[in-house]
Amino acid sequence: MTNSKHTPNPALDEITLSTEKIFDGKVIKLQVDTVQLPNGETSKREIIRHNGAVAVLAIHNDKMIVVEQFRQPLGRTQVEIPAGKLEIGEDPKDAIARELKEETGYEAKELKLLFSFYTSPGFADELIHLYLADELIEGEAKLDEDEFLEMSTITLEQAYEQIANQQISDAKTIMAVQAWQLIKLGGKLGQ
């Protein structure tokens, strides 16, 4: 994603001298780049390539729709907003409409992009597009065959309690809760 307001600083640029592809998986690719630093020295950069993802702050009857699912890297379940990975070339708005329907059964009359953010730019290029779902229509969830989750709704106060006790501990959900609070306070978000 290009931000027209950002002015690059060429004095900090690193020049890629070589790239070694280490792993090419279904979700990520791993590479090691050899770079020339601004001072002329060289260094290695381990980089995870990811197609990107979408997530949705879906509010229904003044409650946020969340899903609880097991996260293997953490070894436990976690409460998160509905989300999913982008397929190559897929429009993020189409992807989040699909993920919302699959995971929760809900469809939104309107999906508004709140903002997009990089999850860990020090070693990954994953970009998540966070949407706000408005005017929800209830339906039936259609989970992927390898997806097991439980959907529920929580108030803003419950969301903060779950952040405090680490039931919610992922960045996209915490950012969505913060965005929800700003919206409730009359703040303007989105594009």
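Preceding block: the structure.
Reference entry: report on the structure contained in this document. Keep in mind it's a predicted model, so treat the numbers as computed, not measured.

Topic: helix α1 (residues 92-104)
Then step 1. Across its 13 residues, α1 extends 18 Å between first and last C-alpha, which sits within 8% of the 18 Å expected from 1.5 Å per residue.
Then step 2. Buried within α1 are the following residues: P92, A95, I96, E99, L100, E102, E103 and T104.
Then step 3. Against the buried residues of α1 lie β4 (53-60), β5 (63-71), β7 (83-85), β8 (107-118), β9 (127-137) and β10 (149-154).
Then step 4. Looking at the residues trailing α1, positive phi occurs at G105, about 90 degrees.

Some words on the nonpolar core
Then step 1. Grouped together as the largest cluster of nonpolar side chains are 22 residues, with contacts concentrated most on A55, L57, M64, I81, L114, L130 and I154.
Then step 2. At the level of secondary structure, the elements contributing two or more residues to this core comprise β4, β5, β8, β9, α2 (156-164) and α3 (171-184).
Then step 3. Take this core: its biggest share by element is 4 residues, from α3.
Then step 4. The residues touching A55, leaving out its near neighbours within four places in the chain, are I81, P82, A83, I96, I128, H129, L130, Y131 and K172.
Then step 5. Counting 14 residues, the second largest nonpolar core, distinct from the first, contains L100, Y131, A133 and L136.

Considerations on the pattern of salt bridges
Then step 1. One pass over the full model with this rule turns up 11 salt bridges.
Then step 2. Ionic pairing is found between K172 and D170, a salt bridge with its closest N-O pair at 2.7 Å. Accessibility assignment for this pair places K172 and D170 in one class, buried.
Then step 3. What you see here is one network of salt bridges that share partners, running through R71, E80, D170 and K172.

Rules and cut-offs
Each chain has its residues counted from 1, running along the sequence as written. Reporting in this predicted model follows two pLDDT cut-offs: at least 70 for local features of residues, and 80 or more for side-chain atom pairs to be given and counted; totals over whole chains, interfaces and linings ignore these cut-offs and use all residues. Here the side-chain values reflect all heavy atoms present in the structure, with hydrogen atoms and water set aside. Starting at the N terminus, helices and strands are each numbered in turn, a helix being any DSSP run of H or I of at least four residues and a strand any DSSP run of E of at least two. Each residue after the first adds 1.5 Å to the expected span of a helix. Exposure is judged per residue with a 1.4 Å probe applied to protein chains only, and the accessible area is read against the type maximum: over 50% gives exposed, under 20% gives buried, and values in between give partly exposed. The contact definition used throughout considers only heavy atoms, calling two residues in contact when any of these lie within 4.5 Å. Think of a nonpolar core as a cluster: buried Ala, Val, Leu, Ile, Met, Phe, Trp, Tyr and Cys residues, connected wherever their side-chain atoms sit within 4.5 Å. Here, a salt bridge means any side-chain nitrogen of Lys or Arg that lies within 4 Å of a carboxyl oxygen of Asp or Glu.

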